[in-house]
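The primary structure of each chain is shown beneath.
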Amino acid sequence: MGGTFDPIHHGHLVAASEVASVFDLDEVVFVPTGQPWQKADKDVTAAEHRYLMTVIATASNPSFTVSRVDIDRPGPTFTIDTLRDLKAERPDAQLFFITGADAMAQILTWKNAEELWSLAHFIGVTRPGHELDGRGRDVSLLEVPAMAISSTDCRHRVGEGKPVWYLVPDGVVQYIAKHRLYRHVDQLGDGHAPPTAPRAHRHSPSSLQQPTG
Ligand SMILES: Nc1ncnc2c1ncn2[C@@H]1O[C@H](COP(=O)(O)OP(=O)(O)OP(=O)(O)O)[C@@H](O)[C@H]1O
Ligand SMILES: O=C(O)c1ccc[n+]([C@@H]2O[C@H](COP(=O)([O-])O)[C@@H](O)[C@H]2O)c1
């Protein structure tokens, strides 16, 4: 399963778990992108942070692993290279590539799109708010438990001081706090501009003190 994973959330993990169960997969390899060229207009968090959050999120599942092939390859990330690298590492493996409905809708815009089908069997999974359509392509479509979670929403919630507990794994919540990620994600765009003014609804430590006298 490829993704920017900025951050990884329970929508990714539930989709991977469901596909692994239905297709009886031995392993699900999470592949964080290096430079996602179709997100070039957005601030993407440093690859090492996204990689480590993915490792933390998947650590407890013995059949989940994380690959560095995309983050270690210089230049923009193309799935054609991801699949070639994974195939070179596992020459005897049958490869499947998991995509959510939104990514599935974009596949024809990917580099060497027509060649992708020969390298892996693509599995499109449902995602709230997106229509899953694999017409005209030799792909499998799978309904997975609906998780209305996106990385964009998680980043904005952190930027707004809202919790992301239970949207992302506990260790990822703590990693985000420890490294102060997403603190300055603005509410409208996806830039990391610092907030222009303090927000009234947030309590400063002094406003939480017991009244005296
Ligand atoms: N809630 C979800 N349910 C099913 N699939 C999902 C879900 N969220 C993401 N995916 C799929 O996981 C893959 C990686 O997604 P990605 O890392 O871009 O997460 P995202 O939540 O879409 O991020 P962003 O909001 O930053 O675009 C894509 O194929 C995407 O369609
Ligand atoms: O190969 C491409 O041209 C291509 C273009 C856009 C996205 N992808 C891949 O699609 C997966 C999901 O990407 P994203 O940007 O939705 O996180 C991830 O593995 C990307 O490398 C691949």
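Residues numbered from 1 in each chain as written. Chains lettered and ligands numbered in written order. Predicted model: local features only at pLDDT ≥ 70, side-chain atom pairs only at ≥ 80, totals over all residues.

For the record, the criterion: UniProt positions are given in the numbering used here, feature names are shortened, and annotations may be inferred rather than shown by experiment.
Per an unreviewed UniProt entry, the protein carries the name Probable nicotinate-nucleotide adenylyltransferase and comes from Arthrobacter pityocampae. Here the protein is described in UniProt, under the heading Catalytic activity (unreviewed entry), as follows: "nicotinate beta-D-ribonucleotide + ATP + H(+) = deamido-NAD(+) + diphosphate".

Digging into the UniProt feature "domain: Cytidyltransferase-like" (unreviewed entry) in the protein
In plain terms, the rule: Helix and strand definitions follow DSSP, with helices as H or I runs of at least four residues and strands as E runs of at least two, each counted in order from the N terminus.
Feature annotation in UniProt places "domain: Cytidyltransferase-like" (unreviewed entry) on residues 1-157, given in this structure's numbering. Overall, residues 1-157 shows 38% helix and 15% strand. The separation of its end C-alpha atoms is 25 Å.

Quick word on the site of ligand 2
Put simply, the rule is: Only the C-beta atom, placed from the backbone, is used; a residue is near a molecule or strand if that atom lies within 6 Å of it. Each residue gets one label: Ala, Val, Leu, Ile, Met, Phe, Trp, Tyr, Cys and Pro are nonpolar, Asp, Glu, Lys and Arg are charged, and the others, such as Gly, are polar.
Neighbouring residues of ligand 2: 15 residues in total, closest Gly 2, Thr 4, Phe 78, Thr 79 and Trp 110. Contributing elements (two or more residues each) for the shell around ligand 2: strand E1 (2-3) and helix H4 (79-89). Tallied by class, residues from the shell around ligand 2 come to six nonpolar, seven polar and two charged.

Describing H4
Working note: α-helix, 3.6 residues per turn, so residues spaced by three or four point in the same direction. Quick note on the threshold: Comment: burial labels come from other C-beta atoms within 10 Å of the residue's own C-beta, placed from the backbone, where a count of 20 or more is buried, 12 or fewer is exposed, and between is partly exposed. Directions from the helix axis toward the C-beta atoms define the arc. Here, residue contact means that the backbone-derived C-beta atoms of the two residues sit within 7 Å.
Along H4, the positions that sit buried rather than exposed are Thr 79, Thr 82, Leu 83 and Leu 86. Taken around the axis of H4, the buried residues stretch over an arc of 90 degrees, which confines them to a single face. Those residues of H4 hidden inside the fold are in contact with E1, strand E2 (28-32), helix H3 (69-72), strand E4 (96-100) and helix H6 (113-119).

Notes on the environment of Val 173
Tracing the backbone through its elements, the reader meets Val 173 in helix H8 (residues 170-178). Residues Val 173 and Val 125 lie 48 residues apart in sequence; the distance between their C-alpha atoms is 25 Å. Not counting residues up to four positions away in its chain, the partners in contact with Val 173 are Val 164, Trp 165 and Val 168.

So, the site of ligand 1
Residues in contact with ligand 1 amount to 18 residues; listed here are only the nearest, Gly 3, Gly 11, Gly 100, Ser 151 and Thr 152. Contributions of two or more residues to the shell around ligand 1 are made by helix H1 (10-22), E4, helix H5 (101-106) and helix H7 (151-159). Top contributing element to the shell around ligand 1 by residue count: H1, with three residues. A class-by-class count of the residues in the shell around ligand 1 yields six nonpolar, nine polar and three charged.

Considerations on the packing of helix H2 (residues 47-58) against H8
Rules: Here an angle of 0 to 180 degrees is reported between the N-to-C directions of two axes, which are lines fitted to C-alpha atoms, with helices fitted over the stretch in contact. When describing relative orientation, an angle under 35 degrees is termed roughly parallel and one over 145 degrees roughly antiparallel, while 65 to 115 degrees is termed roughly perpendicular and anything else oblique. Here a crossing is called left-handed whenever its near helix is offset anticlockwise from the far helix by less than a right angle, and right-handed whenever the offset is clockwise.
It is at 8 Å that the axes of H2 and H8 come closest, and there the two elements cross at 150 degrees. In terms of their interaxial angle, H2 and H8 are classed as roughly antiparallel. Considering how the two elements wind past one another, H2 and H8 form a crossing that is right-handed. Each of Leu 52, Met 53, Ile 56 and Ala 57 in H2 lies in contact with H8, whose residues at this interface are Gly 171, Val 172 and Tyr 175.

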